[in-house]
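# Descriptive structure summary
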Amino acid sequence: MLDAAYHALLLILEPMRLAIMFGGVLLGLALGVIPGLGGIVGLALLIPFTYHMDAPSAFALLLGMASVTTVSDFIPAVLFGVPGTVGAAATVLDGYPMAQQGKAARAFGAGYAASLAGGIFGALVLGLAIPILRPLVLYLGSAELLAFCIFGLSMVAVLSGKAPMRGLTAAALGLMLSMVGSDPETGTQRWTFDTLYLWDHLPLVPATLGLFAVPELAEMAVRRNFLKGDAKALMSQATQWDGVRDALKSWKLILRCSGLGALLGAIPGIGSAVIDWIAYGHALQTEKNTEGFGHGDVRGVIAAESSNNAKEGGHLVPTIAFGVPAGASMALLLSAFLLHGFQPGPDMLTKHLDVTYSIVWTLTLSHIMGALICLAASGLFAKLALIRVGLLVPSVLAIILLGAFNGSQSWGDLYSVAIFGGLGWAMKQLNWPRPPLILGLVLGSMFERYLFITQQLFGWSALSRPVVAVVLLGAAYVVLRPVVLSTRRIFNNRQALAMGWIAPRWNWNAGFAALLLAIVVHALVISTDWPDHAQIVPQAAGFAALLFGFGVLITEAFGQRRNPMALAKKIGLAVGHEPQAAPGEGPAKAHTKQERARAWRFFLWLAGALIAATLIGVLPGLAMAIFVIAWREFGEPAKRAGLLTLGMSLFFWLVFDRIFSTPWPDSFLGDVWPWLRAATGLV
Amino acid sequence: MNMKHLRATLLGFLALIAPPMARAQTPDEFYKDRTVNVIIGYSVGGGYDLYARLLSRFMGDHMPGKPTVVPQNMTGAGSLKAALYLAAIAPKDGATFGTFGRSVVLEPLFSGAKFDPRKYSWLGSITADSSLCVSWADSPIKTWDDLMTKQARMGGQANGSDPDVYANILKTLFGSNLRLVTGYPGNNEMALALERGELDGFCGLSWSSLLSRHRDWIDGHKINILVKASAGGDDQIVAPQMLDKLTDPKKRAALSLILATQAMARPYAAPPGVDPARMALLRRAFMDTINSPEFRAEADKLGLDVAPVAAAEVEKRLADIYSQPADVVALAKQAVGQ
């Protein structure tokens, strides 16, 4: 084994191959920065180029590209609150506030160091596990996969912070949303309202961008500044090396989160979008003094980034050992293997062991290259935080919309990002935790599939399988610990806590809860028409949502504590008007009337951009939106707005139309003048 | 800006956007310097995508004017989205055609999808295929009779996918005792479940996929091929032919209806109403490409089966399918589990 590893290292270190890998790394870094584009797009682009390369070079290029998208997805997450890939959503929670405090460079340093450590750890795990790769993956059957799904869902408890009921409602809602589409058991169209778009389930990219990126952008548009207070002074002081030092101090956290990332990455079905949340939740649970999480605690960044990168190594485990891709980009990589005559399976671990090791080395070296390049350039990137808000907001809005559009390249993606954007904004303002919703959305349908398979094949005896039992106990611990702790707190303070019932009063929170309840009831009514098997899990999720949502409604509308603020702080319970309920939730201080008006206008502009896109095409519509928003809303001089529009439009056209051949959907203009569509392909 | 300038600008603008004068072009002239789009109904990396990208790589060379042939993925609803796009929305100028799942042509019959596959301008199919039911070597299910009598645990992906369709056919038309365990995310996960011993086997595995993705299963004698289902022409596969196991004429007609799609396993079609001269050019180019030595060599390297099926044959099969009596269609619909 060792000489195969050594031989593979020599193969990789050939100058030509290193150069090819470097090219792949540059492309991967570029792709990671642009939200919505990820490894899968790059792979589709590069695979044809590898037809005439030998295998180690081909993998150097492809893996060099695919493995570093999770290094650079960090940059827009910190600077703009826009996750570059779905795995960077948790990074936004702490990285973005750090940038707002002028500590962007420090965040970069910590993030890259964590990415590097995570990436190398993931490669290490892969390399060391090679002898036991096949028995390991074989050991994990459908029952075990179900247990891991449940473990992932249990993280909802941690990520709900101090608002457990709202978190549980959000998670139940996410579960229901993940059931939208065609049901595997019976083929029933669940909640698709006869559209083809919803047949295949809600794409993740628009939902993530809408829930996490749009509210941050809206906040920036409302506050009209990016950097807070004397942050400008701080910017010159905090350097990225401080960040690297932070990462080194938290080496134990990095180790744990990387381990979690690599392990979960190896399990087919646990999508990239949840692994960083699980690691973040783990950090919340195990670190001391987690009050600052969600407001710029560097450990949040470290936890999310190290796991985000370690999972890449994990993803390769089932892909190489069995040809079971742990995600869409792995599926592409698989076809690249087959193209070069390599059958994933026992051969890769025996006859072609050196190729497998060259993959491990590529992973390691490309991460090092990627992190070093980013570290070197991070000073440059941090300066982007100084751009005027009037230019930043329209551009980032257009980037978000285009990134969302790449979800499945249809109009539905744009509506989806707008709707999730509104939902995300409401949740952020009202202290409803958003990570549980994403967890439910990602894990829900996987959970349902494996529930049915496990029930049919094993029944209750699944519980007696060792891995299942251990993982479920872990999940129970994660869920029960906060419940037990807060129950104890309530019990000890029960006198002071006595609630007085008052006449029902109205507030936004109660209204929001009522609206959600109405939607859930409507959805449940629709579901009664479905065949029995198709109803079980959606209705269970629906009733859970009703239960918890009703609880929220009651406490908001009717409950009034005798000494609200002080008590709440003392016992750590969430009350509607407390500043921080869950990590990253809630505005720092309430909005003024002018700011509220700006918020409404922001969403009107968003809707306007979509209408423009429907009428004159996606790229022309976005161009118009950028110009009008910069000029009218932010008062930029027309010439500057025009230049911005020109620059951004050119960039979009080159990247999305020329390079990636994005199939643009049909707009009204192209319907009316088909020759225009034929001539430009843009309308 | 005064009125003169405004008028000039307006006129200039109108001149720029005025529709170009239509002029009759020969097919050769039309394809010169043109981009031809190939719409692929499945995602990158799968079987249909591999075939389409291979075709796109070589087809431009066999067309006058050497146009650039660009593959474009349009996934959704099991390739139904691409099929509907080609049927109604795609430009009918002969510069767009595409491929979708072989069973999509049955959707109008089974689920009322709103298009008529007979109206497509067909190019043909790159190959015909056979669908297999396989079991793992050391499972107790080793023969067709085992499959009928014992409670074999057969895997499935989703209602309407090939593994589920063929398992349902075995249960409804043949009265098999098998147990369908559906919900696996894909073929690879089912293969893993087989190796684990979680499942006994699964159906709906195409011969072409077996050759390209799981060669080691054949070479290493890791599986039993329990039955093959095709419209014929697959003598190299050593297994009983599913249609031969039926005697009842109505059941045979229903099964033949379903199996006709195997005869057009990698179908390529252009929108309805494309200019006949351009269609003739496309058809000729299609056939020339897949019969060319470069294409065959590459296909061999990828393990892709090639057995060309002409447009006329595809159209005949479709005419057959759509002229079956209502009771046969109803039985077929029930057999696939819809």
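Cut-off values and rules
- Starting afresh in each chain, residues are numbered from 1 along the sequence in its written order.
- Chain A is the first chain written and ligand 1 is the first ligand written, with later ones labelled in order.
- Whole-chain, interface and lining totals are the exception, using all residues; otherwise, since this is a predicted model, local features are given only for residues with pLDDT of at least 70 and side-chain atom pairs are given and counted only at 80 or more.
- In this text, helices come from DSSP runs of H or I with a minimum length of four residues, and strands from runs of E with a minimum of two, each type numbered from the N-terminal end.
- Labels follow a simple rule on C-beta atoms placed from the backbone: if 20 or more others lie within 10 Å of a residue's own, it is buried; if 12 or fewer, it is exposed; otherwise it is partly exposed.
- By the convention adopted here, residues make contact when the C-beta atoms placed from their backbones lie within 7 Å.
- Each radius of gyration reported is based on C-alpha atoms, and the globular scaling rule is 2.2 Å times the count of residues to the power 0.38.
- Here the rule is simple: two strands pair whenever DSSP picks up at least two bridges between them.
- In this usage, the nonpolar core is the set of buried Ala, Val, Leu, Ile, Met, Phe, Trp, Tyr and Cys residues whose C-beta atoms join them within 7 Å.
- Between N-to-C directions, angles span 0 to 180 degrees; the directions come from axes that are lines fitted to C-alpha atoms, helices contributing only their stretch in contact.
- Here the limits of each domain have been adopted from an automatic or database domain assignment.
- In this count, Pro and Cys sit with the nonpolar residues alongside Ala, Val, Leu, Ile, Met, Phe, Trp and Tyr, while Asp, Glu, Lys and Arg are called charged and the others, Gly among them, polar.
- Here the expected length of a helix is defined as 1.5 Å per residue gap, with one fewer gap than residues.
- Directions are taken from the helix axis to each C-beta atom, and the arc is the one they span.
- Note that the term roughly parallel is reserved for angles under 35 degrees, roughly antiparallel for angles over 145, roughly perpendicular for angles of 65 to 115, and oblique for everything else.
- Handedness of a crossing is defined here by the sense of rotation of the near helix relative to the far one, left-handed for an anticlockwise turn of less than a right angle and right-handed for a clockwise turn.
- Confidence scores labelled pLDDT are given residue by residue by the predictor and lie between 0 and 100.

### Section: the overall build of chain B
In terms of regular secondary structure, chain B is built from 15 helices and 11 strands. The dimensions of chain B, computed from C-alpha atoms along their principal axes, are 90 × 45 × 40 Å. The buried share of chain B, taken over its 338 residues, is 50%. Sequence-distant contacts in chain B: of pairs separated by 6 or more residues, those separated by 24 or more amount to 79%.

### Focus on the overall build of chain A
Along its length, chain A carries 33 helices and four strands. For a compact globule of 683 residues, the expected C-alpha radius of gyration is about 26 Å, and chain A comes in at 25 Å, within 12% of that figure. On the principal axes, the C-alpha backbone points of chain A span a range of 75 × 70 × 55 Å. The buried share of chain A, taken over its 683 residues, is 58%. At a minimum sequence separation of 6, the contacts of chain A that also span at least 24 residues come to 80%.

### With respect to the pairing of strand E1 (residues 35–40) of chain B
All names here are of chain B. Across six bridges, the pairing between E1 and strand E2 (residues 68–73) is parallel. Bridge pairing links Ile40 to Asn73 in E2. Across four bridges, E1 lies against strand E3 (residues 96–99) in parallel orientation. Bridge assignment links Ile39 to a residue of E3, and that residue is Gly98.

### Digging into the nonpolar core
Residue and element names in this part refer to chain A. Residues Leu62, Val78, Ile400, Leu401 and Leu622 are the most contacted members of the largest nonpolar core, which totals 328 residues. Of all the elements, helix H8 (residues 104–129) adds the most residues to this core, at 15 residues. Among residues more than four places away in sequence, those in contact with Leu622 are Ala398, Leu401, Leu402, Ala609 and Ala613.

### Considerations on the sheet that holds strand E11 (residues 309–310) of chain B
Residues and elements named next belong to chain B. With mixed pairing, six strands are arranged side by side in an open sheet as E2-E1-E3-E10-E4-E11. Single-partner strands in this sheet number two, and they are E2 and E11. Lying over the sheet, helix H3 (residues 47–59) contacts E1, E2 and E3, oriented at roughly 165 degrees with respect to E2. The strands touched by helix H4 (residues 80–89) are E1, E3 and strand E10 (267–270); relative to E1, the strand with the most contacts, the crossing angle is about 140 degrees.

### Regarding the domain arrangement of chain A
All names here are of chain A. Domains assigned within chain A are domain 1 (2–226 + 243–549) and domain 2 (593–680). Placing a centre on the C-alpha atoms of domain 1 and another on those of domain 2 gives a separation of 29 Å. Contact residues are listed per partner, giving 23 residues for domain 1 and 27 residues for domain 2. Those elements that provide at least two residues to the side of domain 1 that touches domain 2 are helix H12 (204–223), helix H21 (389–405) and helix H22 (411–429). When residues in the side of domain 1 that touches domain 2 are grouped by element, the largest group, 11 residues, is from H21. For the side of domain 1 that touches domain 2, a count of residues per class yields 16 nonpolar, six polar and one charged.

### Examining the interface of chain A and chain B
You'll often see interface size given as the accessible area lost when the parts meet. Between chain A and chain B, the residue contacts involve 38 residues of the former and 36 residues of the latter. Of all elements in the fold, only helix H18 (328–339), helix H23 (435–457) and helix H33 (674–680) of chain A reach the threshold of two or more residues within the side of chain A that touches chain B. Here the side of chain A that touches chain B gets six residues from one element, more than from any other, and that element is H18 of chain A. Residues of the side of chain A that touches chain B, tallied by class, amount to 20 nonpolar, 13 polar and five charged.

### With respect to helix H26 (residues 508–527) of chain A
Three or four residues apart is the spacing at which side chains of an α-helix point the same way, because the helix has 3.6 residues per turn. Residue and element names in this part refer to chain A. With 20 residues, H26 extends 29 Å from end C-alpha to end C-alpha; this agrees with the ideal 28 Å at 1.5 Å per step. Inspection of H26 places Asn509, Ala510, Phe512, Ala513, Leu516, Val520 and Ala523 among the buried residues, and these make up the whole buried set. The buried residues of H26 occupy an angular sector of 155 degrees when projected down its axis, which confines them to one face. For H26, the exposed residues set more than 90 degrees away from the buried face come down to Trp508, Leu515, Ala518, His522 and Val525. Where H26 is buried, its residues touch helix H11 (164–178), H22 and helix H27 (532–557).

### Regarding helix H15 (residues 251–265) of chain A
All names here are of chain A. With 15 residues, H15 ought to run about 21 Å at 1.5 Å a step, and its terminal C-alpha atoms sit 20 Å apart, in line with that. Residues Leu253, Ile254, Cys257, Ser258, Leu260, Gly261, Ala262, Leu264 and Gly265 constitute the buried set of H15. Residues of H15 that are buried in the fold lie against H8, helix H14 (240–249), helix H16 (272–286) and helix H17 (298–322).

### Structural notes on the domain arrangement of chain B
All names here are of chain B. Here chain B is described as being made up of domain 1 (34–127 + 264–335) and domain 2 (131–229). Between domain 1 and domain 2, the contact holds nine residues from the first and 10 residues from the second. Its residues assigned to classes, the side of domain 1 that touches domain 2 shows three nonpolar, five polar and one charged.

### A few points about the sheet that holds strand E8 (residues 201–206) of chain B
All names here are of chain B. Reading across from one edge, E7-E6-E8-E5-E9 is the order of the five strands in this open sheet, with mixed pairing throughout. Either end of the sheet is taken by a strand with one partner, and the two such strands are strand E7 (179–181) and strand E9 (223–229). Across the sheet, the axes of successive neighbouring strands diverge by a mean angle of 30 degrees, strand direction being ignored. Pairing of strand E5 (residues 131–136) with E8, which is carried by four bridges, proceeds in the antiparallel orientation.

### A short note on the environment of Phe174 of chain B
Residues and elements named next belong to chain B. The topology assignment puts Phe174 in helix H7 (residues 162–174). The class for Phe174 is partly exposed, based on 19 C-beta atoms found within 10 Å. With 71 residues separating them along the chain, Phe174 and Lys245 place their C-alpha atoms 8.5 Å apart. Leave out the neighbours within four places in its chain, and Phe174 touches Met148 and Lys245.

### A closer look at the environment of Met65 of chain A
All names here are of chain A. Its location among the elements puts Met65 in helix H4 (residues 55–66). Sequence spacing of Met65 and Phe22 is 43 residues, and the spatial spacing of their C-alpha atoms is 8.6 Å. Those residues in contact with Met65 that lie beyond four places of it in its chain are Gly24, Val25, Leu27, Gly28, Gly39, Gly42 and Leu46.

### Topic: the pairing of E3 of chain B
All names here are of chain B. Burial of the side chains of E3 extends over both faces: Thr96 and Gly98 are buried on one face and Phe97 and Thr99 on the other. With two bridges connecting them, E3 and E10 associate as antiparallel partners. Across the sheet, Gly98 pairs through a bridge with Ala269, a residue of E10.

### Digging into unusual backbone geometry
All names here are of chain B. The residue Asp33 is not glycine, and still its phi comes out positive at about 60 degrees. Checked against the element boundaries, Asp33 lands in the loop between helix H2 (27–31) and E1. On the basis of neighbour counts, which here come to 10 C-beta atoms within 10 Å, the residue Asp33 falls in the exposed class. Here the phi dihedral of Ala77 falls at roughly 50 degrees; this positive angle occurs in a residue that is not glycine. By the secondary structure assignment, Ala77 is in the loop between E2 and H4. For Ala77, a count of 23 C-beta atoms within 10 Å translates into the label buried.

### Concerning the environment of Thr350 of chain A
Considering the arrangement of structural elements, one finds Thr350 of chain A in the loop between helix H19 (346–349) and helix H20 (353–383). Remark: the alpha-carbon pair of Thr350 of chain A and Leu646 of chain A, spanning 296 residues in sequence, is separated by 55 Å.

### A closer look at the packing of helix H7 (residues 89–100) of chain A against H12 of chain A
All names here are of chain A. Contact geometry for H7 and H12: axes closest at 10 Å, N-to-C directions at 15 degrees. In this view, H7 runs roughly parallel relative to H12, as classed from their interaxial angle. The chirality of how H7 crosses H12 is left-handed. Of the residues in H12, those touching H7 at Ala89, Val92 and Tyr96 are Thr208, Phe212 and Glu216. Within the contact of H7 with H12, the residues separate by chemical class into four nonpolar, one polar and one charged.

### Concerning the confidence of the model for chain A
Residue and element names in this part refer to chain A. Scored by pLDDT, chain A comes out at a mean of 83, with 91% of its residues at no less than 70. Within chain A, H22 carries the highest mean pLDDT (93), whereas helix H28 (residues 564–571) carries the lowest (48). Predicted confidence is poor over residues 570–581, with pLDDT under 50, and the contacts of this stretch with residues over four places away or in other chains come to 27 contacts.

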